[in-house]
Amino acid sequence: MKPFSQLMKAISEGKFVYTGELEPHRSIDLSEVESWARTLKEAGILAANVTDNPRSDSAISSLVASYLIQRNTGLETIYQLRTADRNRLALLSDVLGAAALGLKNILALTGDHTRTGTTPSSKPVFDLDSTGLIALIHRMVYEGKDLDGNEIKGPRPELNVGGAANPNMDPLEIEVLKLERKAEAGAEFFQTQVVFDVEVARRFLREIAHLKVPTLIGIFPPRSYGQAEFFDKYVPGVRVPRPFMEAFARFKEIADKQKRSEKINEYNVEYFSSFIREVKREKACAGIHIMAVGYPEVIRPLMESVK
C-alpha cells in the first residue's frame, strides 16, 4: 500500500484520525455543504466522505462535488463511488476522472437498490459489487490495467481505496468473510456503519484484526430522542443500548429547548468520548468516522475530550 492521500499518510504514521460526512443534495449549489466542510476542517477532521446518491436518492455528482469541495475549502475528500448506477466502463471513467482532478481517496460501495430511492423506475446496474470495484481500482493503481487487462495510458492513478463494513451484522462471521474478500481485492482502509454499543465495536475490531486493514469506526451522536429511536428501530442491525435510549427519553421531557440541547450535547460528548477511548485500544482501530452532519456543537468538544 502506498499512502497517496493525507488520510492514509496519517494512518501509516500511526496517527489516530477522524473523518466526517458531507451529503450534497439535488442541487448545483454547494455553499451549505462547503460551509459544513470548513466547520469540519476547523474542528480537526482530516478528511470527509462525499456521498454518492445515498439511499438511492438522486443528487449532484459525487465526483464533481468531491473536487469542488476539496478545491474550495482545502478539506481532503473521500469520494464515494457506488456500483448500483454504473457498469465497469463508467466506473473506470470516473476513477480516471477522480485521479485527474487530484482526488486521492475513494470509498467503494455497492449502494442501495434503485427501487428504494426517489426514482424507483430507474434501471439498476450492479455490473460489479463493491469488492469488484475495489479490485478494479487497485489494479488500475498498482498494475496500470483494468479488470480485462487493458492498459491505462500515461501515469497510473494515485488513489487509496477503502471499503465499507458493518460491525452490527449477525452473525458477524458472514461480515468478516466479506471483509476478507475486500482485503484480498486491495482495500486499504475500512469505514464502518454506525455503532452505538462499544462492546459490538470491540468484538468486531478483534475479529478483523488478522486482516491488518486500518479501520475507522462510525459513530452518530444524535441530536434528539427521535434520531436515536430511528437508528434503534429502522437501521438494519444497529442496536442502541437501553441506557442510551433511556437517557434520551429523559431529555425529551425537559421543556426548555436550550437546556434540553445542552444536556444532550453533554451526554453525547461524555458517552462517545468514553466509547472512543475504549475502541482506540484495539489494534485494528485507526480512527473514528463521525457522521454528525449539521451538529458542530459536539464534534470539537468530543475530539478534545478524547485527547
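Rules behind the numbers
- Residues numbered from 1 in each chain as written.
- Predicted model: local features only at pLDDT ≥ 70, side-chain atom pairs only at ≥ 80, totals over all residues.
- Heavy atoms only, no water.
- Patch = residues over 30% accessible without salt bridge, like charges linked within 9 Å, V, L, I, M, F, W, Y side chains within 5 Å.
- Areas by Shrake-Rupley, 256 points an atom, 1.4 Å probe, with all protein chains shown as cover.
- Salt bridge = Lys/Arg side-chain N within 4 Å of Asp/Glu carboxyl O.
- Lys, Arg positive; Asp, Glu negative; His and termini not counted.
- Charge placed at Lys NZ, Arg CZ, Asp CG, Glu CD.
- Helix = DSSP H or I, 4+ residues; strand = E, 2+ residues; numbered from the N terminus.
- Axes fitted to C-alpha atoms, helices over the stretch in contact; angles between N-to-C directions.
- Parallel < 35°, antiparallel > 145°, perpendicular 65-115°, else oblique.
- Left-handed = near helix turned anticlockwise from the far one by under 90°.
- Contact = heavy atoms within 4.5 Å.
- Nonpolar A, V, L, I, M, F, W, Y, C, P; charged D, E, K, R; others polar.
- Buried < 20%, exposed > 50% of the residue type's maximum accessible area, 1.4 Å probe, protein only.
- Polar contact = N/O pair within 3.5 Å; in protein donor to acceptor, adjacent residues only side chain to side chain.

A.B. asks: Describe in detail a negative patch on the surface, supporting the description with residues and values.
C.D. replies: On the surface, Asp256, Glu262, Glu266 and Glu270 cluster together into a negatively charged patch. With respect to the element layout, glutamate 266 can be found in helix H10 (residues 257-279).

A.B. asks: With reference to specific residues and values, describe the packing of H10 against helix H11 (residues 296-306).
C.D. replies: Remark: H10 packs on H11, axes separated minimally by 9 Å, with the N-to-C direction vectors making an angle of 40 degrees. One element, H10, and the other, H11, form an angle in the oblique class. Taken as a pair, H10 and H11 cross one another with a handedness that is right-handed. Facing H10, whose interface residues are Asn265, Asn268, Val269, Phe272, Ser273, Ile276 and Arg277, H11 presents Glu297, Val298, Pro301, Leu302, Ser305 and Val306. Among the residues making up the contact of H10 with H11, the classes are represented as seven nonpolar, four polar and two charged.

A.B. asks: I'd love a proper account of the packing of helix H5 (residues 130-142) against helix H6 (residues 172-185), names of residues and values included.
C.D. replies: Where H5 contacts H6, the axes come no closer than 8 Å and their chain directions differ by 15 degrees. With respect to H6, the axis of H5 lies roughly parallel. For the pair H5 and H6, the crossing hand works out as right-handed. Here H5 contributes Ser130, Thr131, Ile134, Ala135 and His138 to the contact with H6, which in turn contributes Arg181, Lys182 and Ala185. Of the residues in the contact of H5 with H6, the class split is three nonpolar, three polar and two charged.

A.B. asks: So, the side chain of asparagine 160: which residues are in play, and what are the values?
C.D. replies: Topologically, asparagine 160 is positioned in strand E5 (residues 160-165). Owing to a relative accessible area of 0%, asparagine 160 belongs among the buried residues under this scheme. A distance of 2.7 Å separates the side chain of asparagine 160 from the backbone oxygen of lysine 2, its partner in a polar contact. Looking at asparagine 160, its side chain comes within polar contact range of the main-chain nitrogen of phenylalanine 4, at 2.8 Å. The residues touching asparagine 160, leaving out its near neighbours within four places in the chain, are Met1, Lys2, Pro3, Phe4, Ser5, Met8, Lys104, Asn105, Ile106, Glu188 and Phe189.

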